[in-house]
Amino acid sequence: MADAGYLTIGKVVKRLQERYPDLSVSKVRYLEDEGLLNPSRTPGGYRLYSQNDIKRLETILYLQKNRFMPLSVIKEELDRGESSTTAMPSAVAADLAIETDSEEVIEKLHSIDRIPELLGVSVTFVKQLAEAGVISLQRSPHGRDLVDGKDFALIRTCEELRRFGIGPKNLRQYVTAANRESAMFEQALVVYARTGMGAVEQTEEVREQFEKAFTEMLALTNRVRETLITERITEAFKGMTDQA
């Protein structure tokens with residue numbers, strides 16, 4: 001079967017990682033668990049991906065990266081648009097024909113009425129995110145609500161969280177935390193500049209040093225946050241197990 005053009009999951013990931021650096025074996029398995037992929041299996045249980053499976057995976061990744069579509073909408077589009085395993089959904093074909101670049105989308109303001117078409121989420125959901133402070137809407141000269149393309153990835157992430165029952169109201173705590181942490185980072189960078197860099201001039205080199213320091217602080221604080229949350233969830237699960 002492998003001689004007929006089938007690839008193992010590891011080779012599929014390696015082939016596509018140049019275009020999609022965040023792709024991993026676990027993500028491909030997750031897409032399979034969500035019903036978006038259905039590769040063949042050997043008698044021993046190993047996954048084997050056909051060329052059609054790989055094309056389908058590329059379509060999914062493209063829609064996520066360039067159209068910011070949630071997986072539920074991508075699955076509906078694939079199921080609705082494919083009359084065969086080689087057919088390309090109409091939305092993808094149109095997108096490829098237009099050559100819509102993600103950077104072009106990000107740098108623009110978009111009418112909120114177009115969000116269902118662009119992201120596959122409702123206007124109501126976007127307004128709820130704005131009310132929770134997760135995103136900010138802007139006003140056009142004609143009084144229409146506009147969504148910044150820079151927020152598209154965040155909106156898509158919030159839509160994915162809804163599958164776990166985490167809605168806009170639940171995300172208010174992250175807005176509050178972000179406000180507090182940004183003030184902490186700002187103060188830390190001031191101290192860093194005074195103690196580690198002396199007099200600071202606005203040069204490209206200094207800006208790069210600040211960006212590197214911020215990136216490192218962000219990674220470290222994320223590690224602390226993830227560790228603390230994991231410990232508490234582990235304790236919670238242990239408590240439920242003990243009670244059972």
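What counts and what doesn't
Residues numbered from 1 in each chain as written. Predicted model: local features only at pLDDT ≥ 70, side-chain atom pairs only at ≥ 80, totals over all residues. Heavy atoms only, no water. Patch = residues over 30% accessible without salt bridge, like charges linked within 9 Å, V, L, I, M, F, W, Y side chains within 5 Å. Areas by Shrake-Rupley, 256 points an atom, 1.4 Å probe, with all protein chains shown as cover. Salt bridge = Lys/Arg side-chain N within 4 Å of Asp/Glu carboxyl O. Helix = DSSP H or I, 4+ residues; strand = E, 2+ residues; numbered from the N terminus. Buried < 20%, exposed > 50% of the residue type's maximum accessible area, 1.4 Å probe, protein only. Arc of directions from axis to C-beta. pLDDT = per-residue confidence, 0-100. Contact = heavy atoms within 4.5 Å. Pairing = 2+ DSSP bridges. Axes fitted to C-alpha atoms, helices over the stretch in contact; angles between N-to-C directions. Parallel < 35°, antiparallel > 145°, perpendicular 65-115°, else oblique. Nonpolar A, V, L, I, M, F, W, Y, C, P; charged D, E, K, R; others polar.

**Examining a nonpolar patch on the surface**
Link 1 in the chain: Together, Ile 229, Ile 233, Phe 237 and Met 240 give the surface a local cluster of nonpolar side chains, amounting to about 410 Å² of exposed area.
Link 2 in the chain: Of note, Ile 229 is situated in helix 11 (residues 204–243).

**With respect to helix 2 (residues 25–33)**
Link 1 in the chain: Turning to helix 2, its buried residues number three or more, namely Val 28, Leu 31 and Glu 32. Here the buried residues of helix 2 occupy an arc of 105° about the axis, which is enough to place them on one side. Of the residues in helix 2, the exposed ones pointing more than 90 degrees away from the buried face are Ser 26 and Asp 33.
Link 2 in the chain: Gly 35 lies just past helix 2 and shows a positive phi near 85°.

**Things to note about the confidence of the model for the chain**
Link 1 in the chain: Per-residue confidence for the chain gives a mean pLDDT of 82, with 84% of residues at or over 70.
Link 2 in the chain: Per-element confidence in the chain ranges from a low mean pLDDT of 45 for helix 5 (residues 90–98) to a high of 95 for helix 8 (residues 123–131).
Link 3 in the chain: When the criterion is pLDDT under 50, residues 83–91 qualifies, and its contacts beyond four places in sequence or with other chains add up to 13 contacts.
Link 4 in the chain: This stretch, residues 93–101, has a pLDDT under 50; its non-local contacts, to residues over four places away or in other chains, come to 10 contacts.

**Section: the sheet that holds strand 4 (residues 109–111)**
Link 1 in the chain: Spatially, three strands are ordered 4-6-5 in an open sheet, and the strand pairing comes out antiparallel. Of all the strands in the sheet, the pair left with one neighbour each is strand 4 and strand 5 (137–139). On average, each strand axis in the sheet is tilted by 45° relative to the strand beside it, whichever way the strands run.
Link 2 in the chain: Inspection of the sheet shows strand 4 paired to strand 6 (residues 145–148) by three bridges, in the antiparallel sense. Following the sheet pairing, His 110 is matched in strand 6 by Val 147.

**Overview of the pairing of strand 6**
Link 1 in the chain: By the alternation rule, side chains of strand 6 split into Asp 145 and Val 147 and Leu 146 and Asp 148, which are all buried.
Link 2 in the chain: When strand 5 meets strand 6, the two strands line up antiparallel, connected through three bridges. The residue of strand 6 that forms the bridge with Leu 137 is Val 147.
Link 3 in the chain: As consecutive antiparallel partners, strand 5 and strand 6 are separated by five residues, and within that stretch Gly 143 has a phi angle of approximately 85°, a positive value.

**Remarks on the packing of helix 2 against helix 3 (residues 51–66)**
Link 1 in the chain: Two elements in contact, helix 2 and helix 3, have axes whose closest approach is 12 Å; the angle formed by their N-to-C orientations is 100°. Overall, the two elements helix 2 and helix 3 adopt an arrangement that is roughly perpendicular. Taking contact as the criterion, the partners of Lys 27, Val 28 and Leu 31 in helix 2 are, on helix 3, Leu 57, Ile 60, Leu 61 and Gln 64.
Link 2 in the chain: In the contact of helix 2 with helix 3, the residues fall into five nonpolar, one polar and one charged.

**So, the environment of Arg 29**
Link 1 in the chain: With respect to the secondary-structure elements, Arg 29 resides in helix 2.
Link 2 in the chain: The spatial distance from the C-alpha of Arg 29 to the C-alpha of Ile 9 is 8.6 Å, given a sequence separation of 20 residues.
Link 3 in the chain: Each residue touching Arg 29, except ones within four places of it in the same chain, is listed here: Ile 9 and Arg 47.

**Side note on the sheet that holds strand 1 (residues 7–8)**
One key point about sheets: their strands pair by backbone hydrogen bonds, in either a parallel or an antiparallel sense.
Link 1 in the chain: One open sheet holds the three strands; their spatial order is 1-3-2, and the pairing between them is antiparallel. Either end of the sheet is taken by a strand with one partner, and the two such strands are strand 1 and strand 2 (40–41).
Link 2 in the chain: Relative to strand 3 (residues 47–49), strand 2 runs antiparallel, the two being bridged by two bridges. Along strand 3, the bridge assignment pairs Arg 41 with Arg 47.
Link 3 in the chain: This element, helix 3, spans strand 1, strand 2 and strand 3 of the sheet and lies at about 80° to strand 3.

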